[in-house]
Amino acid sequence: MLRLGLISSAFALVICSSGASAAEKFVYPLPAASAVDVRKSVAYTKWKGADLVMDVYRPANRPSGARLPVVIFMNGFGGDSQREWLQYKSWASLAAANGFVAINPDTHSEGIEEDFDAIVAYLRAHAADLQADPDLISLWACSGHVFKSMPMAEDPSRTSIKSAVFYYGTGPVAKWRLDLPVQMVRAGLDRPGLNRGIEELSASALKSNAPFTVLNHPGGHHGFEAIDDDDTSREVIAQTLRFLKTTLTANYQAALHAGLPAAAAAGAVSTGDYETAARLYGPLAAANLSDSRLQLAYGEALLGARRFRDATNHFDKLRGNRELGPRDLGLPAARAAAQAGEAARAIEWLNMIPARFLPAEALRDPAFKSLESNPEFQAVAARPRN
C-alpha cells in the first residue's frame, strides 16, 4: 500500500475546511440562485440516534424524468458540518448548474465509509424523486478530506463511483482501480511536503497504467478556488467541470471498460509483473491475430516472464510483419532466442535490423552474454553504422 498524505488536520483544513475564516469569495462565476434547486438537511442515515443530513443541489430547469449524474462533495473528517461553508456551497451550486445532482453531506468521523455507502443507498432508494443516477457518481474531495476519500474511491467494490476529483491532498492506496478515472489537482504553491506526496502518488498511479490525470496549477495556493482570483484558477475549475461531464457519460464509461483488458496487461508490464502480463495478453493476442502491436506486446510479456522458448516461437510468427519496425520486433526476438539457446536464430534476427538502428550498447545487453564469443555475433557488432 502506498501510504502518503499524513498531514495534520490543523494544516489540512486551512482552506478546504475553513468556512468563513478565508476571504468570502469563490473565484469562478457562480450561477444565479434561481438556476439551482436546493433541498436542505435531507436525512440520509442515523448516527447515535440522531439524523445525519445532506444538502441536495439540482439544476432548477432539469428535464422531467431525467436521471442526472451525481457529484458527492465528501466530508472526509466528520464532525463539523461543511454544508454552509462558502467553498462547498459554491462548488455544489456550480455542479448543479452544470447538470449534476450535487451532494454536500455531514458525516461522522468514526464511519466515513459507512456514511458514504449510506448516501449511495439513499440515492438508489430515492433516485426517481431526486432524478439522480446512482450508477454515475463522482466523488470530489480536497485537502485533508482526501486522506479517507481516496482509498474509498479506489476500493474496487464501490463500482458506483465512476470518477473522482482530488484537490491538493493525498491518501493511502492499496491498488489502483483501472476503471476509475481520477483528476488530481496539484497547487504549485502548496507546502513542499504535500506536493511531494502528490507527485509520488501520481507516479504510482501512472506506473500502474491507471486513468489518472494530473492537473498542475503552478501559481495556485492550497484552497486556490477561494483565494487566488485569477484566470488560471478559473481554468482549473473549468477543466474539472469538463472532466466530470466527460467521465460521467455512458459512452465514456463504455470506452473505458472496453479497453480494460489491454490496459491491465500494459500496467502489469509497467510494474514488472510479467507473468500476469503474459496471462492477460494471451487471450487478447489469440482473439486479435491481425493486431500487430498487440502481438508484439504479448511476445515482450513472454520474454519478460522468462518464457524464452514461448517468446521465440511467438516472435517467429511475426517474422516479415511490415507493420512492426525491424528494431522493435528484431531486438526482443533476438533476446528471446539468445536466452532460449537459439544462437543462430538470435543472430538472424539481429541481421534483419539495419545497422544504423542497432547501436553498440544494444548488443551489450546481458541477454546476449552467451553470444559474445560467437564470430557471427561479433560480425553483427562490427557492421558499419553510417
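Residues numbered from 1 in each chain as written. Predicted model: local features only at pLDDT ≥ 70, side-chain atom pairs only at ≥ 80, totals over all residues. Heavy atoms only, no water.

Draft legend 1. How the structure looks around the pairing of strand β6 (residues 161–167). Taking burial as the measure, the seven residues of β6 include seven buried ones, the bulk of the element. Here strand β5 (residues 132–142) pairs with β6 via six bridges, running parallel. In the sheet register, A141 faces β6, and the bridge partner there is F166. Taking the sense of rotation as the criterion, the β-α-β connection linking β5, helix α5 (residues 146–153) and β6 turns out right-handed. Note that β6 and strand β7 (residues 182–187) share four bridges and pair parallel. Paired with F166 across the strands is M184, a residue of β7. (Buried < 20%, exposed > 50% of the residue type's maximum accessible area, 1.4 Å probe, protein only. Helix = DSSP H or I, 4+ residues; strand = E, 2+ residues; numbered from the N terminus. Pairing = 2+ DSSP bridges. Right-handed = clockwise from strand over helix to strand, strands pointing away.)

Draft legend 2. Quick look at the environment of G144. In this structure, G144 sits in the loop between β5 and α5. Among the residues examined, G144 registers a relative accessible area of 6% and is labelled buried. For the pair formed by G144 and N75, sequence separation is 69 residues and the distance between their alpha carbons is 9.4 Å.

Draft legend 3. Representation of the confidence of the model for the protein within the structure. Taken over all residues, the pLDDT of the protein has a mean of 93, while the share at 70 or more is 94%. Confidence drops under a pLDDT of 50 for residues 3–15, and excluding neighbours within four residues, the segment shows 34 contacts in the predicted structure. Low pLDDT, under 50, characterises residues 17–23; the predicted model gives this stretch nine contacts beyond four residues in sequence or across chains. (pLDDT = per-residue confidence, 0-100. Contact = heavy atoms within 4.5 Å.)

Draft legend 4. Fine view of the sheet that holds β5. Here we have eight strands laid out as an open sheet, ordered β1-β2-β4-β3-β5-β6-β7-β8, and mixed in their pairing. The open sheet has two edge strands with one neighbour each: β1 (36–47) and β8 (212–217). If you compare each strand with its neighbour and ignore which way they point, the axes differ by 20 degrees on average. Inspection of the sheet shows β1 paired to strand β2 (residues 50–59) by nine bridges, in the antiparallel sense. The residue of β2 that forms the bridge with R39 is V56. Here helix α3 (residues 112–125) sits on the sheet in contact with β1, β2, β3 (68–73), β4 (101–105), β5 and β6, set at roughly 120 degrees to β1. (Axes fitted to C-alpha atoms, helices over the stretch in contact; angles between N-to-C directions.)

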